[in-house]
Amino acid sequence: SAVISQKPSRDICQRGTSLTIQCQVDSQVTMMFWYRQQPGQSLTLIATANQGSEATYESGFVIDKFPISRPNLTFSTLTVSNMSPEDSSIYLCSVGGGGADYGYTFGSGTRLTVV
Amino acid sequence: GQQVMQIPQYQHVQEGEDFTTYCNSSTTLSNIQWYKQRPGGHPVFLIQLVKSGEVKKQKRLTFQFGEAKKNSSLHITATQTTDVGTYFCAGGSYIPTFGRGTSLIVHP
C-alpha cells in the first residue's frame, strides 16, 4: 500500500489567517481525498482531488474556503482559508487502496488549532 | 446521501472481556471496510468484506458482513490493552462513508 507524508503535523494559527497542508505520496495515484475529523468524531470528506482538474467538493465545503491543488499524481495541498476557531480540527489526506487487501491509506494528519 | 450508523459510541471493558461494535446502513453496501485509529493516530485499514454473509478473522478479531449487506460487526475476543482505540466501519461504493466509530477503552 502507498505511504503518505503529511505536514505539518500540527499548528496553532491566528484567526483570519490561512494554513496550507501538504501530502506527498510515494507512488502515483489518480485520486486523493481530503477529510476533516473533529475531536471525537468521524471522518467527513471535504473533497476529492484529481490531477489536472478542479477538486470535487462535498456538500458544506466550498473552494473559496478549502482550495485544493493537485499539480501531479503524487502530491496535493489543502488550504484552510480565513480561519476561525470552528476550523480547529484534524485534517487528513487519503488515497485509495490498490485492491481489497489495502483499503484506504491515510496521512498522519494535521492537528489544527485556531485561536 | 448514504448513512452508516455505528454503535455503541463508547465501550469500556475489563482486559480479557470481549467487545463488539455494530455497523448498519439503510441501503445495501457494495462492501464494508473496517479501520482502527489509535489515540492521537490516524485511521489504519484492517479489512474489507465484499460478499453477503462473509466472515473473516484476524487473530482475535472477527468481522462479519450481513446477508443483506446492510450491516456488519467487528468482534474482539479477550481484549488486550493494545486493542484500545476507535474502530470505524466505512461502507459504500467508490468513496466510503465512515461510521461515527466506537471508542474501545480497556481497563487492565
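Okay, so let's go over this structure. The structure presented is a predicted model; accordingly, all values stated were derived computationally and were not measured. Position numbers for residues count from 1 along each chain, tracking the sequence in the order it is written. Written order determines the labels here, with chains lettered from A and ligands numbered from 1. Since the coordinates come from a predicted model, pLDDT governs what is reported: local features require at least 70, and pairs of side-chain atoms require 80 or more to be given and counted, while whole-chain, interface and lining totals use all residues. Side-chain numbers come from the whole structure's heavy atoms, not from hydrogens or water.

Regarding the sheet that holds strand β6 (residues 55-58) of chain B
Residue and element names in this part refer to chain B. In plain terms, the rule: When DSSP finds two or more bridges between a pair of strands, those strands are recorded as paired. For helices the rule is a DSSP run of H or I covering at least 4 residues; for strands it is a run of E covering at least 2, with both sets numbered from the N terminus onward. Geometry is summarised by axes, namely lines fitted to C-alpha atoms with helices restricted to the contacting stretch, and by angles between N-to-C directions that run from 0 to 180 degrees.
An order of β1-β3-β8-β7-β6 is seen for the five strands of this open sheet, with the pairing classed as antiparallel. Both outer strands of the open sheet, β1 (4-7) and β6, are each paired with one neighbouring strand and no more. Across the sheet, the axes of successive neighbouring strands diverge by a mean angle of 15°, strand direction being ignored. Of the strand pairs in this sheet, β1 and strand β3 (residues 19-25) are connected by four bridges, and their pairing is antiparallel. Following the sheet pairing, Val 4 is matched in β3 by Ser 25.

Describing the environment of Lys7(A)
Residues and elements named next belong to chain A. To be explicit about the condition: Pairs of residues are marked as contacts when any of their non-hydrogen atoms sit within 4.5 Å.
As for its placement among the helices and strands, Lys 7 is situated in strand β1 (residues 4-7). Distance in space between the C-alpha atoms of Lys 7 and Arg 111 is 9.8 Å, their sequence separation being 104 residues. With residues up to four places along the chain from it excluded, the contact list for Lys 7 reads Thr 20, Ile 21, Gln 22 and Thr 110.

Some words on the pairing of strand β5 (residues 43-50) of chain A
All names here are of chain A. Test applied: We call a residue buried when its accessible area falls under 20% of the maximum for its residue type, exposed when it is over 50%, and partly exposed in between, using a 1.4 Å probe and counting protein chains only.
Burial analysis of β5 places six of its eight residues in the buried class, which makes it a mostly covered element. In terms of strand pairing, strand β4 (residues 31-37) meets β5 through seven bridges, oriented antiparallel. Residue pairing for β5: Met 32 is matched across the bridge by Ala 49. Hairpin remark: β4 followed by β5, antiparallel, with five residues in the connecting loop; positive phi at Gly 40, about 70°. The turn joining β5 and strand β6 (residues 56-57), which pair antiparallel and follow one another in sequence, is formed by five residues; a positive phi near 85° is taken by Gly 52.

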